[in-house]
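# A closer look at the structure
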Amino acid sequence: MAQRLVRKVCSDCAEERPPTPEELDFLKCSPHAPWEEIHLAERDGYTQKLTHGRGCSNCRETGYRGRVGIFELLMVDDPVRSKIQDRSNASEIRDVGLHRGMQLLRDCDSPPLSDSRSG
C-alpha cells in the first residue's frame with residue numbers, strides 16, 4: 001500500500017485554465033491515460049481544463065484549502081503471490097497487479113486534476 005496527501009484547490013478562488021504542454025505530456029505518459037482521446041483532443045484543441053487557486057483570504061492567499069488522500073493498493077491474490085514466490089522483479093509484479101485492476105498513485109491523481117484538487 002502507498003498513500004499520499006494532496007492539497008485541494010480552494011473552492012472560493014479556483015479558476016480554470018488550460019493545461020501547459022508539460023502537464024499534457026505528464027498526463028499522456030500515464031499507463032492508463034486515454035491516449036487516443038488526448039491525441040484527438042490535441043488535434044481538435046484540447047478542452048480539458050485544470051484548476052488553480054489564485055489566492056484569497058479564505059486560503060490565506062495560498063490557493064489551497066484542505067487535503068485529500070490518494071492510495072495505491074496491491075491485492076496479493078494467487079497470480080501476484082505466484083510472481084512473488086518466483087522471485088519476479090518489481091515491474092513484473094506491478095504489471096500483474098495492473099492487469100488485475102490495481103490503480104497507481106499517479107492514476108489516482110489524474111481525475112482530481114479536473115476536480116479542484118492538485119499538488
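Residues numbered from 1 in each chain as written. Predicted model: local features only at pLDDT ≥ 70, side-chain atom pairs only at ≥ 80, totals over all residues. Heavy atoms only, no water.

As a further point, take unusual backbone geometry. Most peptide bonds are trans, and most residues other than glycine sit at a negative phi. Phi angles above zero are rare outside glycine, and glutamate 61 is one such case at about 65°. By the element assignment, glutamate 61 lies in the loop between strand E3 (50-53) and strand E4 (64-72). Of note, arginine 87 is a non-glycine position whose phi angle comes to about 60°, a positive value. Mapped onto the elements, arginine 87 comes out in the loop between helix H3 (78-85) and helix H4 (90-99). Judged by relative accessible area, arginine 87 falls into the exposed class, the value being 77%. (Helix = DSSP H or I, 4+ residues; strand = E, 2+ residues; numbered from the N terminus. Buried < 20%, exposed > 50% of the residue type's maximum accessible area, 1.4 Å probe, protein only.)

We now examine the state of the cysteines. Tallying each qualifying case throughout the model produces 0 disulfides. For cysteine 10, which is in no disulfide, the shortest distance to another cysteine sulfur is to cysteine 56 and amounts to 3.8 Å. According to the relative accessible area criterion, cysteine 10 is buried, its value standing at 1%. Summary of cysteine pairing: cysteine 13 is not part of a disulfide, and the nearest cysteine sulfur, belonging to cysteine 10, is at 3.8 Å. (Disulfide = S-S within 2.5 Å.)

Residues at a pLDDT of 70 or more form 70% of the protein chain, whose mean pLDDT is 76. Per-element mean pLDDT across the protein chain ranges from 48 in helix H2 (residues 35-44) up to 92 in H3. Note on residues 110-119: pLDDT under 50 across the span, and 21 contacts to partners over four residues away in sequence or across chains. (pLDDT = per-residue confidence, 0-100. Contact = heavy atoms within 4.5 Å.)

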